[in-house]
Amino acid sequence: MANLIWQNGALKPFEQATTHVMSHALHYGTGVFEGIRAYEQADGTIAVLALKEHIERMFVSADPIAMKIPYTREEVCAAVVATVKANELKSCYIRPLAYYGLPPTKVRVRPDPKTPIEVIVYSYDMGDYLPDVALDVKISDFIRLHPQSTAVGAKICGHYVNSLQALLQISGTKYNELIMLDYEGYVAEGSSDNLFMVKDKVVYTPELGTILTGITRQIVIGLAQDLGYKVVETKIKPEELYTADEVFFTGTAVEVRAAGTINDKTIGNGEEGPITKHLKTEYLKICRGQNPKYNHYLTPVK
Ligand SMILES: Cc1ncc(COP(=O)(O)O)c(C=O)c1O
């Protein structure tokens, strides 16, 4: 199977898609990226999920770091489709990235001579990001980035140093995922996913403001409402999670995953709860083109 990366307008073999060691982004984390999935459809074709929404978020993420991506949204979408097609992938994970290249000598990016902006698209067969079980979850000592420190809703490369340090705390332990609180002590999100809680059949999720503007979160909110659940976006205290009937995570990579325990306290009966299961099943139907109402989220790879 081919292993091609789209780099600045052309597909190249993996080994040739290189960048300079003095790239600004390598020194200062000044890039924006996306994590997208494509799914094999019931008829054997491949479709990218929420492609336009992801590329829109990538452009919105670029704003706070004054990055003008040197392609249109449509060109980046086409690059994603071309990369999946060229690699003959079926269900896969796709990583578009735009970053500041040379020169890196100062933090401030330069309009003249312009700090160049490079764009790549990589795709690979990721499989499950987290095991398909009720997860053991730890509330992290690390807090989610402060909204006055950075544009927290944006998917900026440097933000993930925060996630990595939190993840390192649980590596080698029994915990599969973590929850970060925000600067006020409310529940924010996981290391690479948004969080939901179910109590008395009502679905709650942390409001925007300190979390990534998750695209799966948005799809699942709409889906839950369509399925007749009341959804409330609000502030959630960590102790409310312990008495919830169900807690689950959403994200492009993780899809929908239940929390079985949080800080060793059992959530519900410790297994994937009925509403989580319902939403997960229906979400995967959307991904696989089995719910026509949501087909607008699917871009065929032809
Ligand atoms: C920190 C963080 N929160 C939430 C998410 C979920 O976002 P999405 O559903 O757009 O993949 C991700 C994944 O991109 C993430 O990295």
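Each value, and the rule that gives it
Residues numbered from 1 in each chain as written. Predicted model: local features only at pLDDT ≥ 70, side-chain atom pairs only at ≥ 80, totals over all residues. Heavy atoms only, no water. Near = heavy atom within 4 Å. Polar contact = N/O pair within 3.5 Å; in protein donor to acceptor, adjacent residues only side chain to side chain. Areas by Shrake-Rupley, 256 points an atom, 1.4 Å probe, with all protein chains shown as cover. Nonpolar A, V, L, I, M, F, W, Y, C, P; charged D, E, K, R; others polar. Domains from an automatic or database assignment. Contact = heavy atoms within 4.5 Å. Buried area = accessible area lost by both parts, 1.4 Å probe. Salt bridge = Lys/Arg side-chain N within 4 Å of Asp/Glu carboxyl O. Helix = DSSP H or I, 4+ residues; strand = E, 2+ residues; numbered from the N terminus. Axes fitted to C-alpha atoms, helices over the stretch in contact; angles between N-to-C directions. Parallel < 35°, antiparallel > 145°, perpendicular 65-115°, else oblique. Left-handed = near helix turned anticlockwise from the far one by under 90°. Phe/Tyr/Trp six-rings, centres within 6.5 Å; stacked < 30°, edge-to-face > 60°.

Draft legend 1. Highlighting the site of the ligand. Taken together, 14 residues surround the ligand, and among them Arg-57, Lys-155, Tyr-160, Thr-216 and Thr-252 come closest. The separation between an oxygen atom of the ligand and a polar main-chain atom of Ile-215 is 2.8 Å. Here an oxygen atom of the ligand sits 2.6 Å away from a polar atom, N or O, in the side chain of Thr-216. Within the complex, the protein chains bury 96% of what would otherwise be the 390 Å² of accessible surface of the ligand. For the shell around the ligand, the residue count by class is 3 nonpolar, 7 polar and 4 charged.

Draft legend 2. Looking closely at the domain arrangement of the protein. Domain boundaries assigned for the protein yield domain 1 (4-124) and domain 2 (135-287). Look at where the C-alpha atoms of domain 1 and domain 2 centre, and you get two points 26 Å apart. With 20 residues of domain 1 at the contact, the number on the domain 2 side is 18 residues. Of the roughly 1600 Å² buried between domain 1 and domain 2, counting both surfaces, carbon and sulfur atoms make up 66%. We note a salt bridge from Glu-255 to Arg-37, for which the minimum N-O separation is 4.0 Å. Joining domain 1 to domain 2, the criterion identifies 10 residue pairs in polar contact (both at pLDDT 80 or more). Elements with a minimum of two residues in the side of domain 1 that touches domain 2: strand 3 (31-33), strand 4 (36-40), helix 2 (51-62) and strand 6 (92-100). Top contributing element to the side of domain 1 that touches domain 2 by residue count: helix 2, with 4 residues.

Draft legend 3. Main features of the pattern of salt bridges. All told, the structure shown has 14 salt bridges when counted by the stated rule. With a shortest N-O distance of 3.3 Å, Glu-207 and Lys-235 are connected by a salt bridge. Highlighted residues: Glu-207 in the loop between strand 12 (202-206) and helix 5 (215-226) and Lys-235 in the loop between strand 13 (231-234) and helix 6 (238-242), separated in sequence by 28 residues. The closest approach of N and O atoms between Glu-282 and Lys-285, which form a salt bridge, is 3.1 Å.

Draft legend 4. View of the packing of helix 2 against helix 3 (residues 73-86). Their axes nearest at 10 Å, the elements helix 2 and helix 3 cross at an angle of 125°. The angle between the axes of helix 2 and helix 3 places the two elements in the oblique class. Between helix 2 and helix 3 lies a crossing of right-handed hand. Where helix 2 approaches helix 3, its residues Leu-51, Lys-52, Ile-55, Glu-56 and Phe-59 are matched on the opposing element by Arg-73, Val-76, Cys-77, Val-80 and Val-81. A breakdown of the residues in the contact of helix 2 with helix 3 according to their chemical character gives 7 nonpolar, no polar and 3 charged.

Draft legend 5. How the structure looks around the packing of aromatic side chains. Evaluated as defined, the whole model comprises 7 aromatic pairs. Aromatic pair Tyr-93 and Tyr-124: ring centres 6.1 Å apart, planes at 80°, arrangement edge-to-face. Residue Tyr-93 is found in strand 6, and its partner Tyr-124 is found in strand 7 (residues 117-124); the two are separated by 31 residues along the sequence. Taken together, the ring pairs connect Phe-14, Tyr-93, Tyr-122 and Tyr-124 into an aromatic cluster.

Draft legend 6. Expanded view of unusual backbone geometry. Unusually for a residue other than glycine, Asp-200 sits at a positive phi of about 50°. Relative to the assigned elements, Asp-200 resides in the loop between strand 11 (194-199) and strand 12. For Asp-264, which is not glycine, the phi dihedral falls at a positive 70°. Relative to the elements of secondary structure, Asp-264 occurs in the loop between strand 15 (255-262) and strand 16 (265-266).

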